[in-house]
Amino acid sequence: MSAIDYAARFEGLDSDTLFELEYGPDGPSNPDNSDPDIPQEYVEQLLVVLATWRQEILAGSRDDEGDYRRCLDAVREAWLQYSFRWKGGPSLPYPFDLPRTEAAR
């Protein structure tokens with residue numbers, strides 16, 4: 001197995017991470033301090049990591065498919081929540097996934 005710990009790059013990733021990248025540690029209290037390009041660029045970098053990781057799994061040089069799927073789901077969930085959460089917007093569940101017991105039905 002490769003020495004690169006891809007999964008470590010996704011630890012703690014959620015929509016709050018992306019909001020902090022956009023607004024900084026003070027949050028959205030000052031909307032003029034927003035830079036939505038920063039979270040988008042961060043997610044794009046993570047997608048490049050996932051693409052490389054996927055290629056290595058398909059080539060048979062890695063056997064951490066479970067970690068890959070977990071990290072892919074983390075990126076999807078973070079981007080979904082980030083993209084559709086705004087002040088006065090709809091109340092969304094976090095995460096959107098069903099609990100394992102419900103998903104098995």
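As the structure is a prediction and not an experimental result, all values here were calculated from the model.

Draft legend 1. Main features of the confidence of the model for the chain. On average, residues of the chain score 85 in pLDDT, and 83% of them are at 70 or above. Across the chain, the secondary-structure element scoring lowest on mean pLDDT is helix α4 (residues 100-103), at 56, and the one scoring highest is helix α2 (residues 37-58), at 96.

Draft legend 2. Representation of the packing of helix α1 (residues 15-23) against α2 in the model. For the pair α1 and α2, interaxial distance at closest approach is 7 Å and the crossing angle is 130°. By the angle between their axes, α1 is oblique relative to α2. Across the interface between the two elements, L18, L21 and E22 from α1 touch I38, P39, Y42 and V43 from α2. Partitioned by chemical class, the residues of the contact of α1 with α2 number six nonpolar, no polar and one charged.

Draft legend 3. How the structure looks around the packing of aromatic side chains. Counted according to the given criterion, the structure contains six aromatic pairs. A ring pair is formed by W53 and Y68, whose centres lie 5.5 Å apart and whose planes are at 90°; its orientation type is edge-to-face. Separated by 15 residues along the polypeptide, W53 in helix α2 and Y68 in helix α3 (residues 65-83) bring together distant segments of the chain. Here Y68 falls in the buried class, since its relative accessible area comes to 13%. Ring geometry for W79 and Y82: centres 5.3 Å apart, planes at 40°, overall tilted. With a gap of three residues between them, W79 and Y82 both fall in helix α3, about one helical turn apart. Looking at Y82, the relative accessible area reads 10%, which means it is buried. A network of ring pairs unites the aromatic residues Y6, F10, W53 and Y68 as a single cluster.

The rules behind each value
Residues numbered from 1 in each chain as written. Predicted model: local features only at pLDDT ≥ 70, side-chain atom pairs only at ≥ 80, totals over all residues. Heavy atoms only, no water. pLDDT = per-residue confidence, 0-100. Helix = DSSP H or I, 4+ residues; strand = E, 2+ residues; numbered from the N terminus. Axes fitted to C-alpha atoms, helices over the stretch in contact; angles between N-to-C directions. Parallel < 35°, antiparallel > 145°, perpendicular 65-115°, else oblique. Contact = heavy atoms within 4.5 Å. Nonpolar A, V, L, I, M, F, W, Y, C, P; charged D, E, K, R; others polar. Phe/Tyr/Trp six-rings, centres within 6.5 Å; stacked < 30°, edge-to-face > 60°. Buried < 20%, exposed > 50% of the residue type's maximum accessible area, 1.4 Å probe, protein only.

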